[in-house]
Amino acid sequence: MDLEHWLTTAAEAIGDWQRGYGAFEPHPSLNVSDEQFGAAFGELTRRLTDNYPFFHPSYAGQMLKPPHPAAVVGYLAAMLINPNNHALDGGPATAAMEKEVVSQLAAMFGLRTHLGHLTTSGTIANLEALYVARELHPGKAVAYSTEAHYTHGRMCGVLGLAGVPVGVDAAGRMDLGELDAVLAGGQIGTVVATTGTTGLGAVDPVHEIVAMARAHGARVHVDAAYGGFFTLLAGQAGPAGLDSAPWLAIADCDSVVVDPHKHGLQPYGCGAVMFADPGVGRFYVHDSPYTYFTSGDLHLGEISLECSRAGASAAAAWLTFRLLPLTADGLGRVLAAGRLAALEWAQLLRESAVLDLYQPPQLDIITYFPVTGGRALSAIDGGSASILQAGMADGKAPVFLSTLRISADAMHARHPEVAADADGARILRSVLMKPESQTYATALHARVEELARQLPQ
Ligand SMILES: *Cc1c(COP(=O)(O)O)cnc(C)c1O
């Protein structure tokens, strides 16, 4: 699709609708001349060049990429109206779109019933899930793995809940033996399972966690902020397919969070939380004499901790999923390409003389480290940092990676031959979330190998 054409068309379509209400004089206080605008805008676009090229396949660092053009056009069209999805009075069209999008997300996870809404972020979505966890099990604690997102520990603090970290196995997944021991204490109200940890992309065994938690009367919340859309690859044939057991088990959990602004091709400002039991809506009851008046139907603000939210986010997601539906053949193809890139690069790393694979990728994140300076944590740490810096600084053939700090124990569990001459090390990490990475994996690997060879021996 021609982005420029559709951006103009979006502005025209909204202008046509606005003109239907009759002409009026804009207030002079808002006037700016094209000359003034041009000068300020020139400054803006200049300043925006101070960015890493998230759009380009040479950017293989953090979880960052531009939204799909359909999301950009959908967002712009709705933003020109600027509906507020707090209340139906703030934007009936986008509120309806939000309910449709959330139903699609709930169906993707196989939830048989649901109550949910979009949020500003995965952090707020998880806060809501933990808030409901507290209301249902007051005084009880929340268990999450040591590889879970830091938000769980922090939000437990915000909510006045005790958070209990549970150790992980040698692949970064929640350790079931440790979880069992923690649950046996009888103090856990909710277990948080992560399907796709932010650091390693590790998938907790949700199916086994659910059975264990239920046996102890605990609830299960799934943090699928990063990994959730990979459920589209569960049980699929071919190398990109994933073992379906953890993904199918999400349908048996109490709540799930997914971030359309990570793998759903959306601009920032789009997370989502869904509860299997619509009855949890009772915990959101509040009096709002000023926002709800045109209809007795459910307003999204009545089931959300946030008040104002961009209706444009719902419009962008709705339009995107109309074109790339939440199926293996739709958005699934985008995820499969990144996963294949990770598998291919992982194989090259196993065969490399100057780099080594930290652990096999479970989704589309790969982790690796240089071995040119010897197999010791201090050399790996310094080498990883040098490769990161040298890759970005190269004007001709730059490559953008990220680092991940791992503990000496975590390295020992995977690579016992590495000398533990420090308590941990930075290693290299690449999130291959752009489908273009698939054709670029070989080039990325070659480039990083070249940088590794330049390290002091
Ligand atoms: C990114 C992430 C979060 C936080 O979500 P934001 O949208 O960045 O606020 C929470 N949990 C996991 C697993 C994540 O990957």
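Everything below is about the structure shown above.
Residues numbered from 1 in each chain as written. Predicted model: local features only at pLDDT ≥ 70, side-chain atom pairs only at ≥ 80, totals over all residues. Heavy atoms only, no water.

Caption draft 1: A look at the site of the ligand. The immediate surroundings of the ligand are formed by 13 residues, with Thr 123, Asp 223, Asp 259, His 261 and Lys 262 found nearest. The backbone of Gly 122 places a nitrogen or oxygen atom 2.8 Å from an oxygen atom of the ligand. Here Asp 223 contributes a side-chain N or O atom positioned 2.6 Å from a nitrogen atom of the ligand. Burial of the ligand by the protein amounts to 88% of the accessible area it has alone, namely 380 Å². When contributions to the shell around the ligand are tallied by element, the ones reaching two or more residues are α5 (122–136) and α10 (260–263). In terms of residue class, the shell around the ligand is made up of two nonpolar, eight polar and three charged. (Near = heavy atom within 4 Å. Polar contact = N/O pair within 3.5 Å; in protein donor to acceptor, adjacent residues only side chain to side chain. Areas by Shrake-Rupley, 256 points an atom, 1.4 Å probe, with all protein chains shown as cover. Helix = DSSP H or I, 4+ residues; strand = E, 2+ residues; numbered from the N terminus. Nonpolar A, V, L, I, M, F, W, Y, C, P; charged D, E, K, R; others polar.)

Caption draft 2: Examining the packing of aromatic side chains more closely. Across all of its chains, the model carries nine aromatic pairs by this definition. Measuring from ring centre to ring centre gives 6.3 Å for Phe 229 and Phe 321, while their planes differ by 55°; the resulting arrangement is tilted. Of this pair, Phe 229 sits in the loop between β5 (219–224) and α9 (245–248) while Phe 321 is found in helix α11 (residues 311–323), placing the two residues 92 residues apart along the sequence. Of the residues examined, Phe 321 reaches a relative accessible area of 4% and is grouped as buried. Their ring planes at 40° and their centres at 5.1 Å tell us that Trp 345 and Tyr 368 sit as a pair that is tilted. Taken together, the residues span a long stretch of sequence, with Trp 345 in helix α12 (residues 331–351) and Tyr 368 in strand β9 (residues 365–370) at a distance of 23 residues. Using a relative accessible area of 0% as the deciding quantity, one classes Tyr 368 as buried. (Phe/Tyr/Trp six-rings, centres within 6.5 Å; stacked < 30°, edge-to-face > 60°. Buried < 20%, exposed > 50% of the residue type's maximum accessible area, 1.4 Å probe, protein only.)

Caption draft 3: Focus on the pairing of strand β6 (residues 255–258). Side chains Ser 255 and Val 257 project from β6 onto one buried face, and the interleaved Val 256 and Val 258 project onto a second face that is buried too. Bridge analysis of β5 against β6 gives four bridges, and the strand direction is parallel. When the bridges of β6 are listed, Asp 223 appears paired with Val 257. By the bridge criterion, four bridges tie β6 to strand β7 (residues 271–275) in an arrangement that is antiparallel. Opposite Val 257, over in β7, you have Val 273 as the bridge partner. (Pairing = 2+ DSSP bridges.)

Caption draft 4: Representation of the sheet that holds strand β8 (residues 355–359) within the structure. The strand order across the open sheet formed by four strands is β8-β9-β11-β10, and the pairing between neighbours is antiparallel. Whereas interior strands pair on both sides, the edge strands pair on one side only; in this sheet they are β8 and β10 (402–407). With direction set aside, neighbouring strand axes in the sheet form an average angle of 45°. (Axes fitted to C-alpha atoms, helices over the stretch in contact; angles between N-to-C directions.)

Caption draft 5: Representation of the sheet that holds strand β2 (residues 141–145) in the model. Strand order in the open sheet formed by seven strands is β1-β7-β6-β5-β4-β2-β3, and the pairing between neighbours is mixed. For this open sheet the edge positions go to β1 (115–119) and β3 (163–166), each flanked by a neighbour on one side alone. Strand-to-strand, the axes of this sheet are offset by a mean angle of 20°, without reference to chain direction. Relative to the sheet, helix α6 (residues 151–159) contacts β2, β3, β4 (188–194) and β5, its axis offset from that of β2 by approximately 165°. (Contact = heavy atoms within 4.5 Å.)

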